[in-house]
Structures are given as structure tokens and as C-alpha cells.
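Examination of the molecular architecture
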Amino acid sequence: MSGLLLRKLPWLAGTLLAVSFFTFLLVSLLPGDPAVMILGAGGVSPEAVAALRAEMGLDRPLLVRYFDWLGSALSGDLGRSPMTGQAVTDAILSRLPVTIQLGVMAIIIALLLAVPLAMMSAYFAGSRFDRAISGLGFALMSIPSFMMAIFLILIFAVSLNIFPATGWIPFSVSPAGNLRSAMLPALSLAMIELALYMRLLRTDLITTLQQDYITLARSKGLPNWLIMFRHALRPSSFSLMTVVGLQLGGVISGAIIIEEIFALPGVGRLLYQSILQRDLLMVQGIVLFIATAYVVVNFLVDLGYSLLDPRVRHAG
């Protein structure tokens, strides 16, 4: 495990360095002067623009600014928003728990529903139940997350009055209220992931169930549930792990719209509002944070392969 970690760490460092460079270019390659965009095009004195350019370091060469910015980012300083005066790092960290909770709840809900449905669908492959589950999966995949959010609000908030339509209650204030306020946003994100996980795992399970060692296990008289859980589910989980890691970025990007619809104080809503306000430093910091989290999670998923299959540890 340690050898695999040492082999992959340089790739992780190189990927993060490339991510940081391209994120930095977001501001530098935008058409026009970032200082003028932040201050507004009309009625701004040249002295104010020059002062902001000096404060942001825009009068220095690109690579010099990049390495200065990278050094500050490595120490946790992503700059200070010229709009609100708040430190970018503090703004992200203060809203991060909401987005993390939504993402984790969405993935857990999706996996809890997708794994048993995929196992039953694979076991009864070709039956009416399998066709019904497949049709449900295609229907869920065709609905965008924001449409699913509106649909869930109409049913569970407006008609049944079970969950609130908007607002957020911190866990420290009321654990039960927190789960109620997070349920509909998490379900809106989970339904899309559920369909993808279910279809992928069903296909891999059907392939695994046709292997010779599964036939041998059946010939020994092992019960079907034991064959499914012990001998079929584990080798069929590689593709699912990959997609779960890749979809984490999709869950975060989907949270941008979902958090705005449900008025949740998360990172996604902060990014949306920063884009509308042309708060470029805030946008830059949030994009770097999301991209870094995306790369690190996929790195951990890659390491997780070695736990599922020891042959991965010894592969080149």
C-alpha cells in the first residue's frame, strides 16, 4: 500500500499544480481589465482602477503573480473579496459544511437505493421487474436536478407539507430540523446519481454472475444471497467506485443550482452569487477549492481499488 502511495503521489502533486495554474488563468484570460470589471465600467476614476490593480498585483508579470498567489494559497490565504471584504478562505469554510452534508447525503441515499435495486435487477435479469427498474432508471436520468427539485417541492412541501421548501437549520440548533431541511435538496441530487449507479452496477453484476467461480459456488449449494453479497458484489464494484468518485464533482456542481433553489447557505450558492456580483477573487478561490477536492477524492478512490483487489497494488 505504501509503495502504491509513493508511486501515485507525484501524479497527484502534478495534477494539483496544473489545476491551480489553469484556475489562476481564469481571471488573467478574461477579456477586459479585471479591476474595471470589479469596480464597474461607469463612473470609476483611473486612480481607483490603478489602486485596485496594484492591490491585486495585476501590474506584475503573469508567472510572478501566479507563484505569489500559489504560495499564499498553500498557506490557506486565497485573498480577500473586494466586494465584501471577507477573506475568501473564511467564506468557503463557513459554507462548506452545508455543501458537504448535501453531497454526502445525496451519495448515501443514491447508494442505499441503487445497490439493492441493481442486485435484484441483475438476479432477475430479463424479467418484468428488471424491465420496470430499467425504465425507472432511464426516466430518472432524463430529469435534470432542478426539475426534480421543483417536482419534490410540489409533492413533499406544498401538497404533503412533510419537508420545508426552503431554508436551512444548522445541525447544532436542531438535528431533526437539519435533516428535514436537507432532505429535499439531497433527494434532488440523489435521484440522478441513483439511476446511474443502478444501471452501472446491474450491468457489472450480470457479467460477474456468468463467471465460472459463481457456477462453482452454486454447485456447492451456497445460498443465492451469500453468492450475491460475498462473491458477486465485490468484484462488480470497481466501475461503481470510479463513477462515485467522478460524480462527486457533478454533485458539487449540481449543488450550485440546488442550493439556490432551496436558499441554502452553501458553497454552490456562494459561487452563484459571486458570479452575479463579478467577484472574481471569490470565484477563483471557489473553483480552485472544488477542483482540488475533485482531484483528491478521485485519488482516494484510486487508492481504494487496492483494498478491493490486491492485484492493483502490484500493477505498474
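It should be emphasised that the depicted structure is a prediction, and the values quoted were computed from it without experimental measurement.

Glancing now at the overall build of the protein chain. Regarding its fold elements, the protein chain presents 13 helices and zero strands. Principal axes of the C-alpha set define a box for the protein chain whose edges measure 85 × 55 × 35 Å. Residues classed as buried in the protein chain amount to 41% of the 316 residues present. Of all intrachain contacts in the protein chain linking residues separated by at least 6 positions in sequence, the fraction that spans at least 24 positions is 71%. As displayed, the protein chain offers around 16,500 Å² of accessible surface, 69% of which is attributable to carbon and sulfur atoms. In the protein chain, 20 side chains carry a positive charge and 16 a negative one; their mean positions are 15 Å apart.

Let's shift gears to the nonpolar core. For soluble globular proteins, the rule of thumb is that nonpolar side chains tend to be buried together. In this structure, Leu 184, Leu 189, Tyr 197, Leu 201, Leu 205 and Phe 262 are the most contacted members of the largest nonpolar core, which totals 51 residues. Mapped onto this core, the elements with two or more residues apiece are α5 (88-123), α6 (128-141), α7 (145-159), α8 (175-208), α9 (212-219), α10 (224-232) and α11 (238-261). Excluding its chain neighbours within four sequence positions, the residues that come into contact with Leu 189 are Leu 102, Ala 106, Val 251, Gly 254, Ala 255 and Ile 258. In terms of nonpolar packing, the next biggest core, distinct from the first, is built from 23 residues, Phe 24, Val 88, Ile 286 and Val 295 among them.

Next up on the list: the UniProt feature "transmembrane region" (unreviewed entry) in the protein chain. Under the UniProt annotation, "transmembrane region" (unreviewed entry) lies at residues 12-30, 100-124, 136-162, 182-201, 238-262 and 282-301. From the first C-alpha to the last, residues 136-162 spans 24 Å; its make-up is 78% helix and 0% strand.

This part is about the packing of aromatic side chains. Think of a pair of aromatic rings as described by two things: how far the centres are apart, and how the planes are tilted against each other in angle. Per the counting criterion, the structure on display carries nine aromatic pairs. Aromatic side chains Phe 21 and Tyr 66 sit 5.1 Å apart centroid to centroid with 90 degrees between the ring planes, which places their arrangement in the edge-to-face category. Pair noted here: Phe 21 is in helix α1 (residues 2-28) and Tyr 66 is in helix α4 (residues 62-74), with a separation of 45 residues, a long-range link. Since its relative accessible area comes to 3%, Tyr 66 is described here as buried.

Orientation of α7 relative to α8, taken along the N-to-C sense of each, is 135 degrees, at an axis distance of 9 Å. In this view, α7 runs oblique relative to α8, as classed from their interaxial angle. Handedness of the α7/α8 crossing: right-handed. Taken together, the residues of α8 that come into contact with α7 (itself represented by Ser 145, Met 148, Ala 149, Leu 152, Ile 153, Phe 156 and Ala 157) are Leu 184, Leu 187, Ser 188, Met 191 and Ile 192. Looking at the contact of α7 with α8, its residues break down into ten nonpolar, two polar and no charged.

When you line up the elements, Ser 28 lands in helix α1. Classification of Ser 28 as partly exposed rests on a relative accessible area of 27%. Beyond its immediate chain neighbours, meaning those up to four positions away, Ser 28 contacts Leu 62 and Arg 65.

Right, let's get into the layout of surface pockets. Quantified by volume, the largest pocket comes out at close to 420 Å³. Glu 55, Met 56, Trp 69, Gly 79 and Leu 281 are the residues nearest the centre of the largest pocket, which is lined by 20 residues in total. When residues of the lining of the largest pocket are traced back to their parent elements, those giving at least two are α1, α3 (46-56), α4 and α13 (280-308). The element contributing the most residues to the lining of the largest pocket is α4, with four residues. The class makeup of the residues in the lining of the largest pocket is nine nonpolar, five polar and six charged. The computed volume of the second largest pocket comes to approximately 350 Å³. For the second largest pocket, the lining is made up of 15 residues, of which Ala 73, Leu 74, Leu 78, Leu 288 and Thr 292 are closest to its centre. Contributions of two or more residues to the lining of the second largest pocket are made by α1, α4, α5 and α13. The dominant element in the lining of the second largest pocket, judged by the number of residues it contributes, is α1, at four residues. Looking at side-chain class alone, the lining of the second largest pocket contains eleven nonpolar, four polar and no charged residues.

On to the packing of α5 against helix α12 (residues 267-276), then. Where α5 meets α12, the axes come as close as 7 Å, and the angle between the chain directions of the two elements is 130 degrees. In terms of orientation, α5 and α12 fall into the oblique class. Two secondary-structure elements touch here, α5 through Ala 91, Ile 92, Arg 95, Leu 96 and Thr 99 and α12 through Val 267, Gly 268, Leu 270 and Gln 273. Broken down by class, the residue content of the contact of α5 with α12 amounts to five nonpolar, three polar and one charged.

Cut-offs used in this document
- Residues numbered from 1 in each chain as written.
- Predicted model: local features only at pLDDT ≥ 70, side-chain atom pairs only at ≥ 80, totals over all residues.
- Heavy atoms only, no water.
- Helix = DSSP H or I, 4+ residues; strand = E, 2+ residues; numbered from the N terminus.
- Buried < 20%, exposed > 50% of the residue type's maximum accessible area, 1.4 Å probe, protein only.
- Contact = heavy atoms within 4.5 Å.
- Areas by Shrake-Rupley, 256 points an atom, 1.4 Å probe, with all protein chains shown as cover.
- Lys, Arg positive; Asp, Glu negative; His and termini not counted.
- Charge placed at Lys NZ, Arg CZ, Asp CG, Glu CD.
- Core = buried A, V, L, I, M, F, W, Y, C linked by side-chain atoms within 4.5 Å.
- UniProt positions renumbered as here; feature names shortened; annotations may be inferred.
- Phe/Tyr/Trp six-rings, centres within 6.5 Å; stacked < 30°, edge-to-face > 60°.
- Axes fitted to C-alpha atoms, helices over the stretch in contact; angles between N-to-C directions.
- Parallel < 35°, antiparallel > 145°, perpendicular 65-115°, else oblique.
- Left-handed = near helix turned anticlockwise from the far one by under 90°.
- Nonpolar A, V, L, I, M, F, W, Y, C, P; charged D, E, K, R; others polar.
- 1 Å grid on protein atoms, 1.4 Å probe; cavity = no way out; pocket = protein on both sides within 12 Å on 5 of 7 lines; lining within 4 Å.
- Points joined across faces, edges and corners; volume = space filled by probe spheres on them.

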